[in-house]
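# Structural overview for review
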Amino acid sequence: MPINGLLFQEHLIQYSACTLGHMKTGSLFRILKSEIPNYEECMRYFCDLCTPFGYRIMILKETNAFCLIYVYDRMKLEHMLSNAAIQNFLSTFGYEDFTVPGALHHLKRSMQEEEFPHEVGIFLGYPLQDVRAFLSPERNQKYLLVGYWKVYSRLRSNQKKFYRYDCLNRTMQRKAAAGASMESILESMNPR
């Protein structure tokens, strides 16, 4: 493991457990370059560990101070991008290529141009109706719950989903704190 690898792993688990446990399409987290100056080496190391389990890790945005890291489940993302309703929604933001590389290229370009493009919620696995509602002018008056995202519909099912996410996060963090390697954590969450 590279120097600062444990710190990178801590961030990876803390912010991406639900993705690494196949519950969410993707997750985002920020790495401060001052905290992990060898972030590129750490990313390569964890990419090599995660790829056999179907996960990818990439930089969505980079500044002098930080990198915004996107962790995603390739099969879930591919499936989501094949959905006609998702394609119609993303096309309103200029998306034309709905392959994983094409859509991620567009998202990365949007991340460079905007502070935080709202369609990113789709890439994180948020329900389309909640992403649409968030973009609505009345969004602050209508939400039912704030958790992993602002929930505007299906309150009960999303409460249950957030509970499962929390349980998975705690489980992965507990395993890491007990000294389990990232590979063994991934194997336990993704039986082959």
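Analysis parameters
- Residues numbered from 1 in each chain as written.
- Predicted model: local features only at pLDDT ≥ 70, side-chain atom pairs only at ≥ 80, totals over all residues.
- Heavy atoms only, no water.
- pLDDT = per-residue confidence, 0-100.
- Helix = DSSP H or I, 4+ residues; strand = E, 2+ residues; numbered from the N terminus.
- Contact = heavy atoms within 4.5 Å.
- Polar contact = N/O pair within 3.5 Å; in protein donor to acceptor, adjacent residues only side chain to side chain.
- Pairing = 2+ DSSP bridges.
- Axes fitted to C-alpha atoms, helices over the stretch in contact; angles between N-to-C directions.
- Core = buried A, V, L, I, M, F, W, Y, C linked by side-chain atoms within 4.5 Å.
- Buried < 20%, exposed > 50% of the residue type's maximum accessible area, 1.4 Å probe, protein only.
- Parallel < 35°, antiparallel > 145°, perpendicular 65-115°, else oblique.
- Left-handed = near helix turned anticlockwise from the far one by under 90°.
- Nonpolar A, V, L, I, M, F, W, Y, C, P; charged D, E, K, R; others polar.
- 1 Å grid on protein atoms, 1.4 Å probe; cavity = no way out; pocket = protein on both sides within 12 Å on 5 of 7 lines; lining within 4 Å.
- Points joined across faces, edges and corners; volume = space filled by probe spheres on them.

Our focus in this paragraph is the confidence of the model for the protein. Averaged over every residue, the pLDDT of the protein is 92; residues scoring 70 or more account for 97%. For the protein, the element scoring lowest by mean pLDDT is helix 8 (residues 139-142), at 69; helix 4 (residues 84-91) scores highest, at 97.

Relative to the assigned elements, Asp73 resides in strand 3 (residues 66-73). For the pair Asp73 and Leu186, spaced 113 residues apart in the sequence, the C-alpha separation amounts to 13 Å. Residues contacting Asp73, with those up to four places away along its chain left out, are Thr19, His22, Lys24, Thr25, Gly54 and Tyr55. Of note is the side chain of Asp73, whose polar atom sits 3.2 Å from the backbone nitrogen of Met75. Within the local environment of Asp73, its side chain forms a polar contact with the backbone nitrogen of Lys76, the two atoms lying 3.2 Å apart.

Before going further, it helps to examine the sheet that holds strand 1 (residues 26-32). Taken together, the 3 strands give an open sheet; going across it, the order is 1-3-2, and neighbouring strands pair in antiparallel fashion. The outermost strands of the open sheet, each flanked by one partner alone, are strand 1 and strand 2 (55-62). Going from strand to strand, the sheet's axes swing by 25 degrees on average, the running direction of each strand aside. Strand direction decides the pairing type here: strand 2 and strand 3, joined by 7 bridges, are antiparallel. The residue of strand 3 that forms the bridge with Met58 is Tyr70. Each of strand 1, strand 2 and strand 3 is contacted by helix 1 (residues 5-20), which is oriented at about 165 degrees to strand 1, the strand it contacts most. Each of strand 1, strand 2 and strand 3 touches helix 5 (residues 100-113); the most contacted strand, strand 2, lies at about 25 degrees to it.

A word on the nonpolar core. In this structure, Phe8, Leu12, Leu20, Ile57, Ile69, Met172 and Met182 are the most contacted members of the largest nonpolar core, which totals 28 residues. For this core, the elements supplying multiple residues, two or more each, are helix 1, strand 1, helix 2 (39-50), strand 2, strand 3, helix 9 (155-177) and helix 10 (182-189). The element best represented in this core is helix 2, accounting for 7 residues. When sequence neighbours within four positions are dropped, the list of residues in contact with Ile57 reads Leu12, Met43, Phe46, Cys47, Cys50, Ile69, Tyr70 and Val71. Counting residues in each nonpolar core, the second largest holds 25 residues, with Leu68, Phe89, Leu104 and Phe123 among its members.

A word on the pairing of strand 3. Counting buried positions over the 8 residues of strand 3 gives 8, a clear majority of the element. In strand 3, alternate side chains face the same way, and those of Phe66, Leu68, Tyr70 and Tyr72 on one face and Cys67, Ile69, Val71 and Asp73 on the other are all buried. Connecting strand 2 to the next strand, strand 3, in antiparallel fashion are 3 residues.

Between helix 4 and helix 7 (residues 128-135), the shortest axis-to-axis distance is 11 Å and the interhelical angle comes to 25 degrees. By the criterion of interaxial angle, the relationship of helix 4 to helix 7 is roughly parallel. Between helix 4 and helix 7 the crossing geometry is left-handed. Facing helix 4, whose interface residues are Ala85, Ile86 and Phe89, helix 7 presents Leu128, Val131, Arg132 and Leu135. Of the residues belonging to the contact of helix 4 with helix 7, the class tally is 6 nonpolar, no polar and 1 charged.

In this section: the layout of surface pockets. One way to see where empty space is left: roll a probe the size of a water molecule over the atoms. There is about 430 Å³ of room inside the largest pocket. Every residue lining the largest pocket is counted, 19 residues in all, and those nearest its centre are Thr25, Gly125, Tyr126, Pro127 and Lys161. Of all the secondary structure elements, the ones that give two or more residues to the lining of the largest pocket are helix 3 (74-81), helix 4, helix 7 and helix 9. Residue classes in the lining of the largest pocket are distributed as 9 nonpolar, 5 polar and 5 charged. A volume near 240 Å³ is recorded for the second largest pocket. Along the walls of the second largest pocket sit 13 residues, with Gly121, Tyr126, Phe134, Trp149 and Lys150 positioned nearest its centre. When residues of the lining of the second largest pocket are traced back to their parent elements, those giving at least two are helix 6 (120-123) and helix 7. Sorting elements by how many residues they give to the lining of the second largest pocket places helix 7 first, with 3 residues.

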